[in-house]
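# Observations on the three-dimensional arrangement
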Amino acid sequence: MLVLAGIVVLHITAITLLLVATIDNAWWFTDSVATDVWGRWELAGSAWHYTNLKGNYVEEYLQVVQAGAVLACIFSILGLFVFVAQLFTLSKGQRFTFSGALMLISCLCVMIAASIYTDIFHKQEQGWFGHSFILAWISFVLTFILGVIYVVLRKKSE
């Protein structure tokens, strides 16, 4: 029972990190610019102004990063619901492979999004990656660990 609670807490943590990484505006920083996968905030005087990303970056890569981040969130949330459903429907001794597959797909999506963001964007700019970017990579590790746990885990009792 304690293992089950730990897995659910780890899964909710991974979902939370994925959502924060996708929604928050902290993927890239300079002294006067804050950027995420949805928009760019530029400091003009003492006020921050929102600008659209479409003109600054290659649109195809931007859409892949956005889609990867959103799909990672969706597959991770689905993985939690499927895991809870499998707790009540699987017979003794079966593995949680469908939950594991959903988490590994989520892992793949967030890896693709963060990798493309790392390789394509901000190569010529001086700045640093923000906490949302770091959370995306941490959630990659957590979703991978959860995917492996779900694939290996067997239901012990009914």
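Residues numbered from 1 in each chain as written. Predicted model: local features only at pLDDT ≥ 70, side-chain atom pairs only at ≥ 80, totals over all residues. Heavy atoms only, no water.

### Structural notes on the overall build of the protein
Let me state the cut-off plainly: A run of H or I in DSSP becomes a helix once it reaches four residues, and a run of E becomes a strand once it reaches two; helices and strands are each numbered from the N terminus. For each residue, the accessible area found with a 1.4 Å probe, counting protein chains only, is set against the maximum for its type, and the residue is called buried under 20%, exposed over 50%, and partly exposed in between. The contact criterion used is simple: two residues touch if any of their non-hydrogen atoms lie within 4.5 Å. Accessible surface is estimated by sampling points in the Shrake-Rupley manner with a 1.4 Å probe; for residues, cover comes only from the protein chains shown. Residues scored as charged are limited to Lys and Arg (positive) and Asp and Glu (negative), so that His and the chain ends carry no count. Where a charge lies is defined by one atom per residue type: Lys uses NZ, Arg uses CZ, Asp uses CG and Glu uses CD.
Tallying secondary structure elements over the protein gives 4 helices and 5 strands in all. Shown N-terminal to C-terminal, the secondary structure of the protein runs as helices and strands in the order α-β-β-β-β-α-α-β-α. C-alpha extents for the protein along the principal axes are approximately 65 × 30 × 20 Å. In the protein, which comprises 158 residues, the proportion classed as buried is 40%. Of the contacts made within the protein by residues no fewer than 6 positions apart, 69% connect residues no fewer than 24 positions apart. When the accessible area of the protein is evaluated, it comes to approximately 8500 Å², of which 70% is carbon and sulfur surface. Between the centroid of the 8 positive side chains of the protein and the centroid of its 9 negative side chains there is a distance of 23 Å.

### Considering the packing of helix α1 (residues 2–23) against helix α4 (residues 131–152)
We count it as follows: All axes are obtained by fitting lines to C-alpha atoms, using only the stretch in contact for helices, and the reported angles, taken between N-to-C directions, cover 0 to 180 degrees. Here is the rule for angles: anything less than 35 degrees is roughly parallel, anything more than 145 is roughly antiparallel, 65 through 115 is roughly perpendicular, and the remaining ranges are oblique. It is the rotation of the near helix from the far one that decides the hand of a crossing: anticlockwise by less than a right angle makes it left-handed, clockwise makes it right-handed. Residue type decides the class: Asp, Glu, Lys and Arg count as charged, Ala, Val, Leu, Ile, Met, Phe, Trp, Tyr, Cys and Pro as nonpolar, and the leftover types, Gly among them, as polar.
Packing of α1 against α4 leaves a shortest axis separation of 8 Å and a crossing angle of 150 degrees. Judged by the angle between their axes, α1 and α4 are roughly antiparallel. With respect to the hand of their crossing, α1 and α4 are arranged in left-handed fashion. Along its contact with α1, which presents I7, L10, H11, T13, A14, L17, L18, V20 and A21, the element α4 presents S132, L135, A136, I138, S139, L142, T143, I145, L146, I149 and Y150. Of the residues assigned to the contact of α1 with α4, the class counts are 15 nonpolar, 5 polar and no charged.

### What about the UniProt feature "transmembrane region" (unreviewed entry) in the protein?
Note the cut-off: UniProt positions are given in the numbering used here, feature names are shortened, and annotations may be inferred rather than shown by experiment.
Per the UniProt record, "transmembrane region" (unreviewed entry) is annotated on residues 61–84, 96–117 and 129–153. Annotated as residues 61–84, this span is 100% helix and 0% strand, and its ends, taken at the C-alpha atoms, are 35 Å apart. Helix makes up 88% of residues 129–153 and strand makes up 4%, while its end C-alpha atoms are separated by 36 Å.

### Details of the pairing of strand β4 (residues 47–52)
We apply this condition: Only strands joined by at least two bridges in the DSSP assignment are considered to pair.
Here strand β3 (residues 39–44) runs beside β4; their pairing, made up of 6 bridges, is antiparallel. Its bridge partner lying in β4, G39 is registered against N52. The antiparallel hairpin formed by β3 and β4 contains 2 residues in its connecting segment, where G45 sits at a positive phi of about 75 degrees.

### Quick notes on the nonpolar core
Selection rule: Side-chain atoms within 4.5 Å are what join buried Ala, Val, Leu, Ile, Met, Phe, Trp, Tyr and Cys residues into a set we call a nonpolar core.
Counting 32 residues, the largest nonpolar core has W27, V65, V110, Y117, F121, L146 and Y150 as the members making the most contacts within it. Of all the secondary structure elements, the ones that give two or more residues to this core are α1, α2 (59–89), α3 (97–120) and α4.

### A short note on the sheet that holds strand β5 (residues 128–129)
If you trace the 5 strands from one edge of the open sheet to the other, you get β4-β3-β2-β1-β5, paired in antiparallel fashion. The strands lining the two open edges of the sheet, one partner per strand, are β4 and β5.

### Thoughts on a nonpolar patch on the surface
This is how the line gets drawn: Patches draw on residues past 30% relative accessible area with no salt bridge. Two like charges within 9 Å are joined, as are two nonpolar side chains (Val, Leu, Ile, Met, Phe, Trp, Tyr) within 5 Å. By definition, a salt bridge exists where a carboxyl oxygen of Asp or Glu is found within 4 Å of a side-chain nitrogen of Lys or Arg.
On the surface, L104, V141, F144, I145, V148, V151 and V152 cluster together into a nonpolar patch covering about 530 Å² of accessible area. In terms of residue count, the dominant contributor to the nonpolar patch is α4 (6 residues). Tracing the sequence through the fold places F144 in helix α4. A relative accessible area of 44% means that F144 is categorised as partly exposed.

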